[in-house]
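Spelled out from the first residue to the last, the chains are:
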Protein chains: 2
Amino acid sequence: MFKELDPLLHSQLRLAVISILIGTEEADFVFIREKTASTAGNLSVQIEKLREAGYISVEKSFKGKMPRTTCRITPAGISAFEKYVDALHSYLQPK
Amino acid sequence: MFKELDPLLHSQLRLAVISILIGTEEADFVFIREKTASTAGNLSVQIEKLREAGYISVEKSFKGKMPRTTCRITPAGISAFEKYVDALHSYLQPK
DNA sequence: TAAACCAGTTTATAATATAAACCAAATATT
DNA sequence: AATATTTGGTTTATATTATAAACTGGTTTA
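What comes next is a walk through the structure. (Residues numbered from 1 in each chain as written. Chains lettered and ligands numbered in written order. Predicted model: local features only at pLDDT ≥ 70, side-chain atom pairs only at ≥ 80, totals over all residues. Heavy atoms only, no water.)

Some details on the protein's contact with DNA strand D
Selection rule: Consider each residue's heavy atoms; a residue with any of them within 4 Å of a molecule or strand counts as near. The definition of a polar contact used here is a pair of N or O atoms within 3.5 Å, where within protein one atom must be able to donate a hydrogen and the other to accept one, and adjacent residues in sequence count solely through side-chain atom pairs. What counts as a helix is a DSSP run of H or I of at least four residues, what counts as a strand is a run of E of at least two, and both are numbered from the N terminus. Classification convention: Asp, Glu, Lys, Arg as charged; Ala, Val, Leu, Ile, Met, Phe, Trp, Tyr, Cys, Pro as nonpolar; all other residues, Gly among them, as polar.
What surrounds DNA strand D is a group of 21 residues, the closest being Ser44(A), Lys60(A), Thr69(A), Arg14(B) and Gln46(B). Taken together, the sugar and phosphate atoms account for 67% of what DNA strand D places within 4 Å of the protein. A distance of 2.2 Å is found between a phosphate oxygen of DNA strand D and a side-chain nitrogen or oxygen belonging to Thr69(A). Residue Lys49(B) places a side-chain N or O atom 3.4 Å away from a phosphate oxygen belonging to DNA strand D. Counting only elements with at least two residues in the surface near DNA strand D, the list comes to helix H2 (29-36), helix H3 (40-52) and strand E3 (66-73) of chain A together with helix H3 (40-52) of chain B. Among the residues forming the surface near DNA strand D, the class breakdown is eight nonpolar, eight polar and five charged.

A few points about the environment of Ser11(B)
Going by this rule: Partly exposed residues are those whose accessible area sits between 20% and 50% of the maximum for their type, while under 20% is buried and over 50% is exposed, using a 1.4 Å probe and protein chains only.
Here Ser11(B) is to be found in the segment before helix H1 (12-23). Classification of Ser11(B) by relative accessible area gives buried; the value is 14%.

Let's talk about the relation of the copies chain A and chain B
A rotation about an axis combined with a shift along that same axis relates the two copies of the chain. Condition: Alignment of the copies relies on least squares applied to C-alpha atoms, considering only residues that score at least 70 for pLDDT in both. It only takes one pair of heavy atoms within 4.5 Å for two residues to be counted as in contact.
Placing chain A over chain B gives an RMSD of 0.0 Å and needs a rotation angle of 180°, together with 0.0 Å of translation along the axis. Accordingly, the operation relating the two chain copies is best matched by a two-fold axis. Every residue of chain A has its C-alpha some distance from the rotation axis, and the shortest such distance is that of His10(A), at 3.8 Å. A symmetric contact is evident, with 100% of the interface residues of chain A recurring at the interface of chain B.

A look at the pairing of strand E3 (residues 66-73) of chain B
Residues and elements named next belong to chain B. Inclusion rule: Pairing between strands is defined by DSSP: at least two bridges between the two strands are required.
By the bridge criterion, two bridges tie strand E1 (residues 27-28) to E3 in an arrangement that is antiparallel. Of the residues in E3, the one forming a bridge with Asp 28 is Thr 70. Counting the residues in the hairpin turn of strand E2 (residues 56-63) and E3 gives two residues, including Gly 64, whose phi is positive at 70°.

Some remarks on the packing of helix H1 (residues 12-23) of chain A against H3(A)
Relative placement of two packed helices is described by the angle separating their axes and the distance separating the axes. Residue and element names in this part refer to chain A. Here is the rule: Lines fitted to the C-alpha atoms define the axes, with helices restricted to the stretch that makes contact. Angles between their N-to-C directions range from 0 to 180 degrees. For classification purposes, angles smaller than 35 degrees are called roughly parallel, those larger than 145 roughly antiparallel, those between 65 and 115 roughly perpendicular, and all remaining angles oblique. Take the far helix as the reference: if the near one is turned anticlockwise from it by less than a right angle, the crossing is left-handed, and if turned clockwise, right-handed.
Close contact between H1 and H3 brings their axes to 10 Å; oriented N to C, the two are set at 70°. Relative to H3, the element H1 is oriented roughly perpendicular. The hand of the H1/H3 crossing is right-handed. Taken together, the residues of H3 that come into contact with H1 (itself represented by Leu 13, Arg 14, Val 17 and Ile 18) are Asn 42, Leu 43, Gln 46, Lys 49 and Leu 50. For the contact of H1 with H3, the per-class residue count stands at five nonpolar, two polar and two charged.

Take it as geometry only, folks, not as evidence of what the structure does.
What follows is the structure, given as structure tokens:
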């Protein structure tokens, strides 16, 4: 009846991060922090979890002299998101 | 951009409970435990949290000699669920 | 009458989310 | 030129949560 909800995605901030990355080719740390209105510490932790799980890739580089962290969703991330959305529907459409 | 997800509903088991109650006039503890495939302990805790929040009402009675706990969703529960579903959409439909 | 079962509750524990504190480097201020 | 502030994060600590294990009070079965 009710499908499992991937605990990695069933988190407000991580879901927001994935949602952003699904929509855009890539996004950097600062952009995501602003869009999600999250603290840097929290975001850092959640990005690392998504990276560990293989749902996103993270690339560190420099924009001029300032560091930049760029995130992209991976195929595994896309399919996990699709599966999560599908599972959610088993909770949202009663009966 | 991203709407708040009511933390009381953003929980697999509590969401399942509400989902069941939205669909049926009332449901008892055992029925919910079976439908959600949860342990009695976990369900007991989550039902109490939903009751505290005023999202469901809980009535204790007897079916013959055995105790029975019947749950019903309240108007507050219905509107919280609707709000939650609406907020979720801000995460599911990218852009 | 004792063992097993039912319908839960309470309590303990492990995992999670989150913010606070920190760090190194860059930039702005006096 | 020194000092303060900002930037872009990471690490660590804490409070909350989800969950299962242990328990309770009563019932049915052997």
